[in-house]
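# Survey of secondary and tertiary structure
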Amino acid sequence: MMNLIKIKQKISQSKFANKIMQRLPGKILLMNPIKHLMIEPTNICNLRCLFCTQSISKRQKGMMTLDNFRKIVELLPRSIREVQLHFAGESVLNKDLPEMVKILKGKGVRTILSSNGTLPFENYEKIINAGLSQLIISFDGATKEVYEQYRKGGNFEMVLDNLNKMVKMPKRKTEFIIQFIVMKNNENQIEDMKKLAKSLGVDILWLKSASLNIGSSEILEKNIINNAKKFLPENNKYSRYLLKDGRLVYKDKPLSCPWIFRTVILWNGDVAVCCTDLEGEVIVGNILKEGSFDKIWRSEKHDKIRKLILSRKLKICKNCNIGDNPIKEAIRFNKG
């Protein structure tokens, strides 16, 4: 698996490969059927974390209805093998999320959920029992003081209690991951978090690099240098940036964006092109209105946008800081 990841990274960094893809017809690019996508149950969140666009977002807030979710799933191609049930909000706020997981499981689709873990345990219990494949809990501090510096509105004790209860659920098949975003204020707690994660009984701990800006956020972009000085870890191993001569340098920004082969379906049915476009600035269609995913996926409009992404001519691409590998370290705990 690691060799495959390294091969993909080398291809993504190749100028030659990028030029070839820019010249290939859309039909050739899509010969490999889409297998992964994101569906956004809601873009509403109960926290206001640093570097997040929630407090400054202008996109209309809303919840995907269960009826609309069913319609969308029926329109998806049979090639879909994995769906991430999160995007710009806290998906667990959608009361229909357990049923959404059941629907996808019934079609043999693997489901992934990323959550802040701050809602009542009963919410997570229902989702896990519905057959969720993987649950990622954001937990950025081994102590209350450090955790709540970043997760504004979060409750350290509640997340800890939820994790304790979740991993002890009988006959659970869900894989549990703690995601620890490494910053200047918590990098000295990495070893403590490794011990805490192991003692909790989770399956994996991710040490992830911080994203200081989102492609469509001009406000975050203006503050990026100040944020870099305040929050980037001293150990460059855990950063996707380098701060040089008062400017930010991306260390592992791919030349060929992997998102030309993926997509995001927003809560209202809009089809966006990228995981960093939290404002939904580049929409290629609406699956509910057009009644077809394939029509949107293979449209001339989408083909042109893919070429613009490859040549970095879209606004959201110019500020994009997606990395080849934002997970800087993944520690899997031996259950034996």
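Residues numbered from 1 in each chain as written. Predicted model: local features only at pLDDT ≥ 70, side-chain atom pairs only at ≥ 80, totals over all residues. Heavy atoms only, no water.

### Quick look at empty space enclosed by the protein
Inclusion rule: Using a 1 Å grid laid over the protein atoms alone, points where a 1.4 Å probe fits but cannot get out form a cavity; open sets with protein on both sides within 12 Å along at least 5 of 7 lines form a pocket; any residue with an atom within 4 Å of a point counts as lining. Grid points are joined across faces, edges and corners, and a volume is the space filled by probe spheres set on the points. Note on residue categories: nonpolar means Ala, Val, Leu, Ile, Met, Phe, Trp, Tyr, Cys or Pro, charged means Asp, Glu, Lys or Arg, and polar means any other residue, Gly included.
Under the definition given, this model contains 2 cavities of 30 Å³ or more. There is about 100 Å³ of room inside the largest cavity. Around the largest cavity sit Lys253, Pro254, Cys257, Cys274, Thr276, Ile309, Arg312, Ile316, Cys317, Cys320 and Ile322, which together line it. Tallied by class, residues from the lining of the largest cavity come to 8 nonpolar, 1 polar and 2 charged. Looking at side-chain class alone, the lining of the second largest cavity contains 2 nonpolar, 4 polar and 2 charged residues.

### As for helix H4 (residues 66-75)
In an α-helix, one full turn covers 3.6 residues, which means residues spaced three or four apart are oriented alike. Just so we agree on the cut-off: Summary of the burial criterion: residues with accessible area below 20% of their type's maximum are buried, those above 50% are exposed, and those between are partly exposed, where the area comes from a 1.4 Å probe applied to protein chains only. Where helices and strands are cited, they refer to DSSP runs of H or I of at least four residues and of E of at least two residues respectively, numbered from the N terminus. In this context, the arc is that of the directions from the helix axis out to the C-beta atoms. In this description, contact between two residues means that some pair of their heavy atoms is separated by no more than 4.5 Å.
If you check which residues of H4 are buried, you get Leu66, Phe69, Ile72 and Val73. Each buried residue of H4 sits inside an arc of 115 degrees when the element is viewed along its axis, so together they form one side. Pointing more than 90 degrees away from the buried face of H4 are the exposed residues Asp67 and Glu74. If you follow the buried residues of H4, they end up packed against strand E1 (36-39), helix H5 (97-106), strand E9 (264-265) and helix H12 (287-290).

### Quick notes on the sheet that holds strand E2 (residues 82-84)
Using the following cut-off: We call two strands paired when DSSP finds no fewer than two bridges between them.
With mixed pairing, the 10 strands of this open sheet are ordered in space as E11-E10-E9-E1-E2-E3-E4-E5-E6-E12. Two strands lie at the open edges of the sheet, namely strand E11 (283-286) and strand E12 (327-332), each paired on one side alone. Taken together, the 3 bridges between E2 and strand E3 (residues 110-115) define a ladder with parallel strand orientation. Looking across to E3, one finds that valine 83 is bridged to threonine 111.

Structural measurements only, silent on function.
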